[in-house]
Structures are given as structure tokens and as C-alpha cells.
Amino acid sequence: SPEVSAFTKKPKTQEAEEGSSVVFEAETEKADAKVRWQCNSKDIASGNNYLILAEGNKHSLTIQTVTKEDASVYAVIAGGSKVKFELKVISKPDAPADAPAAKPEEPSMKPEQASDPQGGAALQGETPTPKDTPPHLRKSKRAVKLENQWFKGKWMDLATKCGKHLQLKETYDRSSKVYTFEMQISAAKANFAGGYRCEVSSKDKFDSCNFELTVHGESSTHHPSPLLRVDGGIFVPVADGNDDSGELDFSALLKKRAVQVHSEPDVDVWSILSKAPPSAFEKIAFQYGITDLRGMLKRLKKMKKDEKKSEAFLKKLDPAYQVSKGQKMKLAVEVADENVEVKWLKNGQEIQKSGRFEFGLRKIQIICIRVSILSLKCFSYLFPVSPPVMIVKNLDDQMVMKGERVELECEVSEEGANVKWEKDGVELTRDESFKYRFKKDGCKHVLIINEATKEDCGHYKVKTNGGESVAELLVQEKELEVYQSIADLTVKAKDQAVFKCEVSDENVRGTWYKNGVEVKPDPRINISHIGRIHKLTIDEVKPEDEGDYTFVPDGYAFNLSAKLNFIEVKIDFVPRQDPPKIHLDCVGRTAESTIVVVAGNKLRLDVPITGDPAPTVIWTKREKVNRQCHQPKMQWVRSDQMSLTNVISEGDGRVRVETTTGHCIFTIEGAERQDEGIYSVVVRNPAGEDTADINVKVVDVPDPPQAPKILSVGEDSCVVQWEPPQFDGGQPITGYVVERKKLKSYRWMRLNFEPFPETTYEAKRMIEGVPYEMRVYAVNSIGMSRHSPASQPFVPVAPTSEPIGLCVEDISDSSISLKWRAPERIGAAELQGYGIEYRREGTDEWIPASQGLTERTSATIRDLNTGDKLQFRVRAFNMAGPSAPATLAQPVTIREIMQRPKIWLPRALRQTIIKKVGDVVNIVIPFQVLWTSVLINGLSNPTSIGSLKSHSDHLLIYFKNAPSVLLNIIMPFLAQIGKKIELFSRKFFLQSGNTLLVILVKEWYTVHDHYRRTHCVVSDLIMGNEYIFRVFSTNLVGLSPEPCTTKDSVYIQKTGILYKAPNYKEHDFSEPPKFTHPLVNRSVIAGYSTTLSCAVRGIPKPKVTWYKNKMDISNEAKYRMLSKQGVLTLEIRKPCPFDGGVYTCKAVNDCGEDVVECKLEVRSPEGLLVSCL
């Protein structure tokens, strides 16, 4: 719905003349509304030039003595409504005044003109002087070094024009700490007239003021000044006369004139420029007539300066230092002369020798340290490193009512740190509607939401450079409040009865009941609902309209009740003896005749009775038959008098019995569960008695459910289950409400606003790895029960993904080795280990391969039956349970993999080999050798062998629980090429216990046969191999039994291989600068800061320079240049009409340069357009 304004009358934009007064008026709807006035979004108060009045709902703002500075945007705020309006100031016609006097003053914090120079006038030839002494200047709290510049027009610096016509002075009063800047013009001329500007800057602060100088006609006593002409930017007198340095007419520079040759001696301008500082380039260029500044800078760039190397410093400062915040830093240099004077400077200011001096690393970002010895200097930069800002206290989830104030609070590790607030991934900022407020108190950061609405529900996140925290906000509708309840009515016949009530929510509907039966509208009964008021109107009341009327709001567990009493005048003839009679429509014990009352409400039983004489009434109560417990029968007795008497009861004072003419009323205040039962009323008199039973049922909210149980957890969810409450309150359970909270938090978050009918609920949108608790409410038609006990704490985690790369590493007759890799996703919970299972082919039963879990990614399963065909799988376990299994693609047969002997004949030996007589023939034939059996102490594979593995070059025997014994191992080898089977035998002493025995098999080659010398040379060895040699002695009988073997092996070294990397031509990525987005012409209003933006690319990164009217403005305090990822921005602070002109951006690198420019037009508040080209 659209927002309603709080104003009945809004202020409008007005125009006013300088010096006059202006009044803005506004009227609000409410007389006590709080109203604020603002100027440029800043609050203003009565005083100085403003007068604020308020009378009832009328408010006014008066601005006295309007000046041009008052021309701005104003606003008036009342509640959530804000109205903006403008004040336009019309300047008066210019009037001649005295000579200008400019005395700007600086306060301590911001350079501000304490006394602005005033415009003036002077006769030609006279000296303009101030008409009045300037007022006392404001004092500053501390002395600040100020820099002052005087300009004529838009950009001409008067510091270069000082001479006999112009003098600039600067004074400083130490007692009052006031700077005074003066400009004195002697012998004014007509061309001196125009606009002047005084600028003052201090560090990053800046201020300026403007004034006009008017020069009238010459006086009779004034002698005309000699004429001047401009020759290449130099002021030259036409006739003989005095030196006219200080001439202020600069417009002649823009005219094209012929250059005249002077007889002055030639001056080497380039030698002067090469020795001058860059700040003096412009002055020298104009002095010597150089108009092409760009060409001058290019030429100076190509010229090389010969810098003298100083030997005053033996050890200089490093280029830069980096130190953590709060730490100490020591800087040291060494000088050649120990008696030389050394000065230390920080950011250009000398550091005085004082024990109180601190570098202040806590407040600065970059410190430039300079050491000076006379004119010799060395520099260094100090960079303090800031630690990341961490979140110490996280945000808490909140649930508030609609319209309430919300405060989300967190605490960070550092005071004054910047944080970023987001809602559902969107950054939050301040806006004009004041929806969000950000509060910072030391380390605490608070997000404030005024008057929360349904749209504010969501996840709020606070971010720092070291972490983040998330909280959820839920907004619920307000509870219904009763402003006016319905009252009991007593009416006569044919009268009108009106029941009226008022609730807080105008959108709530309700139902009217009479004695528990819904009232339907008809021609005589009217039901209306207007706003917050609900009415039940009964025209021409009849006796049957008497009864209890109840209003029940839809969706709320309470009602409003009242009694309608009907008064009817009757004249009946009653005999003297009339037996008592009870007149009830609900007599009986059927469901339709049961009276239902909500626990806590009033139970009122109004029984019509008749009898003469007046009968005695006795009330009794008994429990229902279906109840297990039996309470003693209670009795309430009325006397035989019809008048009211004291109530006789056995209760706690809640029961009241009263009798009126024709009625007996039984009332229980605040009905409870134990009040449920069958109430009997007995009336007696001498003529007889009558009895009636009334069945009363008390309904209440249900009992709380039992503590919920967590069935399962997921990555961000859990499944919770609970048991229904033992007592449903007398009404069926309509559903349940589930809440959760973080374990270390105190705020419970409701997960469902509509009752959930089942007893198993899946909670979602939780944070993995954070412990939670759950609790449940039971809901019936009466209301909501108390909450159940909290569940056991649990952590939402998900099982890991399945292990990957499961494969068989090795296999034998009774064991198998498996290996795999860790799962790709482990989650927030730590990995507890892996479980290995197997099953036989054709069965579904998985058998654990080992007890417990293993942390390794490989395992060997032993004691398997040879020949079994088994299927294996591996699962990863964490807190959430097992992951999905990784299973082998097909079953594996437990059996040693046997291979037949193979001879690997090389291709070179498959053809005829031709050798000369006497040559050595060495033929190497590789083969695969396996042993068929192993004899240990004469037994083949005894039972003590745990496992036996054979390879081509070695044998592995694992003995399990073997005794200490001397072993004799015989291994028959398969036949080699044309040779008989050899038996290899070794003896080993085996210790008791489990032992792994490794037997290596070597292959021997014959080098020399029947060699007669005791030394030899072995050739044709393969590089990179290791050899062992043995020698047999032989005779006619044969070889010696045992050979002689070398003690050490011989390794044939490989020749070095030199790798020559290929030569690739490196790609040249350099490119000249190019502006991808040009500058755009802009038109702005004076006094409002503006920016000019463009984009450039180039490799290497180009150097960017900004120009205004072809003049470099890099060192001007009024401008700020920014560069971020190729986007260049020039910020002009509070531009005035003199800041208009052509702005140029130039980008230069080693590959070239590029230029882009635009035109800036600055409009004065009066709407005048000022442009300078």
C-alpha cells in the first residue's frame, strides 16, 4: 500500500534577493509531530541566520539576510515523510566599492576563510586599499602549516607576476595563531579589472574564495602608464620607461602576433630547464616564450641528467620496510663523516629530537622517512601490516513481531573496523527512508531495522576481511489486542440489543455464537464489521433471544462473552401449592446436550426453575464414568429462601451459587480440568421435587509432547520425531509447531507457522557443523501447549562421498591386498576411517573383513579360503555414518596367479649372427624363471608357512609362529636354454615368532672360459647396471666346488646427458595506450563535486596525466585523480564557474601515447552558464 504523507501543507521552492528574508511554511496532520529541518542533508537549528518556529501543527523556517551561500536544497522531515525544496538567490546589481582586501584565515581542522576578500573599485593610477579594517579572524586550536595561492581569472597564478604593480604578503600571529594573506596592487590600470581568487590548502583540506576588482576611469592627476605589448608571452614596453614586471593583463597571450627579434644576448633555455625543478617549468616557459609545452616536456624527457653520486652515506635506508601494527621499528644509516649534521624527516617534516615522539603506526598507512645531510637525501617507505579483522561474537537468529524494532549485533576483534552488511546476498546501504541504520560502538557493530515488516524476513550476513557471520530473521504478525469488550445487556420486549467490541487489527474477522450455536443474520439480526469494530444488533428483542453471546476472532484462541437478560412483565395466577419444575433444553447425556467451556473462562449454568413455595436447590457433581479416578461427591446447597445467601462450597472460593426469581445460577470462575463432569441440580419444596443432569466438558490446551528424537541428520537438515501428548486438552490435536536454536544461543526460531499434522518433521536450512537443539509445541482448537523438553544436541553433517579407485593390489592363495583413494568430499565432520566387507558370490550377506575401522587407504585381508570367489567393498565413515560403498567391478577368485615359464627372445637374435674367428660372442637372452616348489627341511610348503610369494628374481616366505630351527631351503629352477635343472640350496637360522624371509636369486653370465691369467678385463658391460663377479678354478676333473666372489659390487656409471631446452620466442604483449571509453562532455552546477571518467588499456601500464586547458593539474589540491583496473577518474571538489574548460587525459608508455578530452560547463546557481575553452 502507498505510504501516507505526514504533511497537509508542504513548503515550495522560492526565489529571494540577496539581503532579503524568506519564510518556508509547513503543516502536519498531528499537532505533536516532531519536525526536523535540513540543509544539504544536514540538520539545522535556530541561531545565526536561521529562525525555526512551531505552533501546533504549523511549522516555519525563516532565513534572514539571504546570501548566495544560502542557495541550496532544503528538506523538512516529520516521521517517515521527507519533503525537499530549493532556495534560489537572485544577486543585486553590482555597485562600486572600495579596493579589495583579502584576508583568508584557517581554522585548525579545515582551511576556511575566516574573513573573505571583498570586491572593490579603484581609479586608474591609484592604489586599491581596504575600505574598512577586516574583522578579527577566528583562532585555530593548533598551528597548521598553510599554503596560499592567488589567481586572476581562472588559472593565472599571480605569484609569477609580483613586481612594482603587485605585492603579496603573508604574516602569522603566534599569540592568536592566525594567518594573514594580503595582496596589494599599486597604480591600478584598466586591464587590472576582473575576477580574483584566493586558495588555501593544508594537507588534505582545501578552501577558496572569489572577489571582483573594478577599475574606473583615470583621475585628472594620473599619468598614463606606458603601453605594453606581448611578445611570445613576455611583457615588453613599447617606449622607454621603467620595468613593468607584474603586469596582470594575460589576455594578450591568446592573440597571434609577430615575433620580434631582440638584441638581447642568447640564453640557453634548455640548460635552465634541465637544472630547474618541474614546478618552475611553466614560469620559465612563459618567460622565454615557449608555447609548445607538450613538445618541451618531450624534449626534456629525452635529455639525460648527470646526477652526482654522493658518498656521504656509506649505508642508506632500504627502499621500503614492512612492520606489523603496534610493533617497534628501527631505522639506521651510516655516514662517512661522523661530525656531519643529520636530519630525519617524516612525510616532509623534520622530526625533532624528543623522547615524547612516536611514529604513530596505529593511525597511518604509509610513512615516508627521509634522512637529510645538507642537500643530500635518502628515502624509504614504511608499510604497517594490519591483521585481518575477525568476528568474535556471531549474529543470533531472531523472531520478532511485525512493527517491532530489530537489532542484529556482532562483535569484531578490532575497534573502528569496517564491516559489510548483506541481506540474502544483497549489500545493505543507508537510504532516505531510514529503513536500515548502522551503529558502531567500539568493537560492536549493530544493524537496526525500524518497524520490521514481512519483507524483512531473510538471512542477514556481516562480513569482514577475516570472516563472516549469518543469522536468520523471521517476522510474525502481531497478537490481537482487545480495545473494547462486549458487555452484559438487560432489555425489555421490542427493544434493540447491540453487542459491540473493538480489536486491534481491522482485517480480523470473527463469528458470533449464542449459547454455543453460531448466530446467522436474518431480517431481525444484523452482523456488521467496520474497521476494528464488530457489532451484533438484535431488533425487537424476544424472550427466546435471551442467552450467552460470544464473539470468537478467526485464527485466535480466545473469545469475548456477555449475557443478554430479557425483562418481561407477566401477570400469572399461581396456585398456592406448585411442585418444583426445572426447565432445561440440554438435559441429558448426549454429545449435543454437553456444555463445553474453555479452561480459564467462566462457567455459568443458568437453570430456570418454578415452584411454590420457593424450592430448595441442591447442586451435586460426579465424575464421568469413563474416568479412572473417582473424586468424592461435592454438594452445594441453597436455602429455601429465594433471596441471595452466602455460598456454601468445598472448593477454593471459585464456586458461587445464587438464586433469583425463576432462576438458579451456578457459576465457577476460571474453570479448570477437574471441573469437568456431570452436574445434577435438585429442587425441592413441600409439593415435590425435580432433578436434572447437566454434562459439562472443560477443554484446554494440550499437554506438551515428549522430548523429540533426532532420527537422521544431513548436510543442512535433520529428521525429528516425537510422541503425541498424553492429554489432548479435550479437543483433537490439529498439528504441531517445531522450533530450533543453536546450542550456544538463547533464541528459538520457529520453523513452521501453520500447524504441522504429522509427528515426523524434516528441518532444513541449517548450517553444517553447528550444533542445534529442537523442541515441539502441540496445537488444538483452543491454543498452543507449553513447549516440550529440548532434544539432545546434534550437528547437521552429511556422510562423505564413496572412496574412489578401489582395485586389487596383490593376491595369493589365502590373502588379497586392496587399495583405494580418499573420498572427493569429506564435509564438515572428520573422517573416522574405512570399513572393508566381502561376501561370497551368490549370497547377500556382507562380512566385515576386520574388526573396527582402518585409517589407511590400503589393507590386506588374510585367512581366506583358496578358490573362493569373493566380492569386496569399502565404505568411509564419519559422524553421520557410512558413505556409499565403493565395490569392485567383478568378484575376485582367491588363488595365486601362476604363469608358465617364458623366454623373451630379442628381435636381434631372431636372425643369423655372423662373427669373425676369435671374436667374443656374448648373447643375453632374458627369460621368466619361476620355481615350482620349495622344500623346507624336506617338506613341501609346511603348515608353519603363513604365505609364500614367488617372483622372477626373489622369493618371500612368511613364517607364522614358527619355532627356532635351522632351515634347509631347496628351490629347483626350471630348465634354461639347453641346460639341466639346478638345485639352489640355502641354510638360514630362523628365530621363534613371526618372521619374513627374503631370498634373492641372481643370474650369472660366463665372461671368460679356460682363462689362464689371474687378472682380466671385462668389456661390453651395460651402463647403469651393478655387477658382482666370481671365479671358478678348473682342471680335467671339473670346476671347483665353491667359487671366489668379489666383496663389493661394481656400478657402471652412465655418461652425462646435457639437456638443451628448445628456444622459444617470447610473445610480445606490449601495446600502446588506447582509451576504450572516452571522456564525455558534462554540465554541472557550481558547488557540487563532480567526476570525469574514462577507461584506458596498455602494456606496460601507462602513466596518466590530467590537464586543464593544456595545463598540468597533477599537483593541484582541488583535484583528486583515481585509477582502478584501467578506469581513470578525476574528481573536482566543489567546482566554481572558473573551473569550467577543456579537460584532457593523457596516457603514455614505452610503446606510445593517447589523448582524450572533454568540455566541462559549470553553471552558477542562478542558471547562468559559464564556459571556458
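Residues numbered from 1 in each chain as written. Predicted model: local features only at pLDDT ≥ 70, side-chain atom pairs only at ≥ 80, totals over all residues. Heavy atoms only, no water.

All right, on to the overall build of the protein chain then. Within the protein chain, the secondary structure is distributed over three helices and 92 strands. Evaluated residue by residue, the protein chain yields a buried proportion of 34% over its 1173 residues. Restricting the contact set of the protein chain to residue pairs at least 6 apart, pairs at least 24 apart contribute 61%. Only carbon and sulfur atoms are counted for the fraction: they give 50% of the accessible area of the protein chain, which is about 73,600 Å². (Helix = DSSP H or I, 4+ residues; strand = E, 2+ residues; numbered from the N terminus. Buried < 20%, exposed > 50% of the residue type's maximum accessible area, 1.4 Å probe, protein only. Contact = heavy atoms within 4.5 Å. Areas by Shrake-Rupley, 256 points an atom, 1.4 Å probe, with all protein chains shown as cover.)

Overall, the coordinates contain 35 salt bridges when judged by the stated rule. One salt bridge connects Lys-1108 with Asp-1139, and the closest N-O pair in it is separated by 3.8 Å. One end of the pair, Lys-1108, is in strand S86 (residues 1103–1108); the other, Asp-1139, is in the loop between strand S89 (1127–1132) and strand S90 (1141–1149), and 31 residues separate them in sequence. This pair shows no difference in class: Lys-1108 is buried, exactly as Asp-1139 is. When salt bridges with common partners are traced through the structure, they connect Asp-397, Glu-472, Arg-740 and Arg-765 into a single cluster. (Salt bridge = Lys/Arg side-chain N within 4 Å of Asp/Glu carboxyl O.)

Spatially, the four strands line up as an open sheet ordered S37-S39-S43-S42, and their pairing is antiparallel. A strand with exactly one partner marks an edge of an open sheet, and here the two such strands are strand S37 (482–484) and strand S42 (525–530). For this sheet, the mean inter-axis angle between neighbouring strands, taken without regard to orientation, is 20°. (Pairing = 2+ DSSP bridges. Axes fitted to C-alpha atoms, helices over the stretch in contact; angles between N-to-C directions.)

Residue position: Val-682 is located in strand S53 (residues 677–685). The class of Val-682 is buried, set by a relative accessible area of 13%. Placed 62 residues apart in sequence, Val-682 and Thr-620 show a C-alpha to C-alpha distance of 8.3 Å. What Val-682 contacts, discounting residues up to four positions off in sequence, is Thr-616, Val-617, Ile-618, Glu-689, Asp-690 and Thr-691.

Once that is clear, we can look at the sheet that holds strand S62 (residues 816–821). Remark on secondary structure: sheet strands pair via backbone hydrogen bonds, oriented parallel or antiparallel. Spatial strand order, S61-S62-S65: three strands in an open sheet with antiparallel pairing. Looking along the sheet, the strands with just one partner apiece sit at the ends: strand S61 (804–811) and strand S65 (858–861). Neighbour-to-neighbour, the strand axes of this sheet turn through a mean angle of 20°, independent of strand direction. Both S61 and S62 contribute to a ladder of five bridges, which runs antiparallel. Looking at the pairing, Cys-807 lines up with Lys-819 of S62.

Before going further, it helps to examine the packing of aromatic side chains. Tallied over the full model, the rule gives 19 aromatic pairs. Cluster of aromatic residues (ring-pair linked, three or more members): Phe-24, Trp-37, Tyr-74 and Phe-85. Note that Lys-741 overlies the ring of Trp-748, its terminal NZ or CZ placed 5.5 Å from the centroid. (Phe/Tyr/Trp six-rings, centres within 6.5 Å; stacked < 30°, edge-to-face > 60°. Lys NZ or Arg CZ within 6 Å of the ring centre and 35° of its normal.)

Turning to the nonpolar core, a few remarks are in order. Counting 22 residues, the largest nonpolar core has Ile-582, Leu-605, Trp-619 and Phe-666 as its most contacted members. Elements with a contribution of two residues or more to this core: strand S48 (603–612), strand S49 (616–622), strand S51 (655–660), strand S52 (663–668), S53 and strand S54 (688–699). Within the second largest apolar cluster, 20 residues are counted, among which are Cys-1094, Trp-1106, Ile-1113 and Cys-1145. (Core = buried A, V, L, I, M, F, W, Y, C linked by side-chain atoms within 4.5 Å.)

Together, Ile-913, Val-921 and Ile-923 make up an exposed nonpolar region whose accessible area comes to about 250 Å². Relative to the assigned elements, Val-921 resides in the loop between strand S70 (902–903) and strand S71 (927–928). (Patch = residues over 30% accessible without salt bridge, like charges linked within 9 Å, V, L, I, M, F, W, Y side chains within 5 Å.)

A word on the side chain of Glu-773. Turning to its location among the elements, Glu-773 is positioned in strand S60 (residues 772–780). The buried category is assigned to Glu-773, whose relative accessible area is 14%. Glu-773 has contacts with Glu-739, Arg-740, Lys-741, Leu-743, Trp-748, Ala-790, Ser-791, Pro-793 and Phe-794, leaving out every residue within four places of it along the chain.

With that out of the way, let us pick up the confidence of the model for the protein chain. Here the protein chain shows a mean pLDDT of 76. Residues at 70 or above account for 73%. Per-residue pLDDT stays below 50 along residues 625–650; that stretch engages in 57 contacts with residues further than four places along the chain or on separate chains. Every residue in residues 972–987 is under pLDDT 50, and counting partners more than four places away or in other chains gives 34 contacts. (pLDDT = per-residue confidence, 0-100.)

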